[in-house]
Amino acid sequence: LFSCHVPSTAFIKTTIKIIIPSTVTTINKEAFYDTRINDTIIIPKNVTNIGAGAFGGTGSKFVVENGNPNYKISNDILVTIDGKNQIFCQELKDQ
């Protein structure tokens, strides 16, 4: 479906299960914004750029593939490898 990048608002307001191919290097801003994702998202090692709000409103959990030099999970939060920039954190659910 996408060879090198996922365009902005590609899946807005849908419910999907996604598998990001290893060929994807960029996930543009708001690519999955407000999309209900049914499973853990694996960020491939080749992803070098994740745009602002790419996963906003998804309620997703993440795994970063071993060898990704740009992103990691820290305290259940997707962050840049240096830990300075938060990409996504799990949304709080009402109790």
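As a reminder, the structure under discussion sits directly above these lines.
Reading guide: rules and limits
- Residues numbered from 1 in each chain as written.
- Predicted model: local features only at pLDDT ≥ 70, side-chain atom pairs only at ≥ 80, totals over all residues.
- Heavy atoms only, no water.
- Helix = DSSP H or I, 4+ residues; strand = E, 2+ residues; numbered from the N terminus.
- Buried < 20%, exposed > 50% of the residue type's maximum accessible area, 1.4 Å probe, protein only.
- Polar contact = N/O pair within 3.5 Å; in protein donor to acceptor, adjacent residues only side chain to side chain.
- Core = buried A, V, L, I, M, F, W, Y, C linked by side-chain atoms within 4.5 Å.
- Pairing = 2+ DSSP bridges.
- Salt bridge = Lys/Arg side-chain N within 4 Å of Asp/Glu carboxyl O.

What about the side chain of threonine 58?
Thought 1: Following the sequence through the fold, threonine 58 ends up in the loop between β6 (49-50) and β7 (62-64).
Thought 2: Judged by its relative accessible area of 3%, threonine 58 falls in the buried class.
Thought 3: In terms of polar contacts, threonine 58 uses its side chain to reach the backbone carbonyl oxygen of phenylalanine 55, at 2.8 Å.
Thought 4: Among the polar contacts made by the side chain of threonine 58, one reaches the side chain of serine 60 at a distance of 2.9 Å.

Quick notes on the nonpolar core
Thought 1: Counting 20 residues, the largest nonpolar core has Ile27, Phe32, Ile43, Ile50 and Phe55 as its most contacted members.
Thought 2: Only β5 (41-43) and β7 provide two or more residues apiece to this core.

Quick notes on the pairing of strand β9 (residues 77-80)
Thought 1: Two strands pair when backbone bridges link them, and strand β8 (residues 71-74) and β9 are joined in this way by four bridges, in the antiparallel orientation. When the sheet's bridge partners are listed, lysine 72 is paired in β9 with valine 79.
Thought 2: In this antiparallel pair of consecutive strands, β8 and β9, the connection spans two residues, and asparagine 75 shows a positive phi of 55°.

So, the pattern of salt bridges
Thought 1: Under the criterion given, the structure shown has one salt bridge.
Thought 2: The salt bridge partner of lysine 17 is aspartate 39, with a shortest N-O separation of 3.5 Å. Here lysine 17 is found in the loop between β2 (15-16) and β3 (26-27), whereas its partner aspartate 39 is found in the loop between β4 (36-37) and β5, with 22 residues between them in sequence.
Thought 3: The class for lysine 17 is exposed, based on a relative accessible area of 57%.

Examining unusual backbone geometry
When glycine is set aside, most residues are seen to have a negative phi, and most peptide bonds are trans.
Thought 1: With phi around 60°, glutamate 30 is a residue other than glycine that occupies positive phi space.
Thought 2: Tracing the backbone through its elements, the reader meets glutamate 30 in the loop between β3 and β4.
Thought 3: At aspartate 34, a residue that is not glycine, the phi angle is positive and equals roughly 60°.
Thought 4: If you trace the backbone, aspartate 34 turns up in the loop between β3 and β4.
Thought 5: Taking relative accessible area as the criterion, aspartate 34 reaches 23% and is therefore assigned partly exposed.

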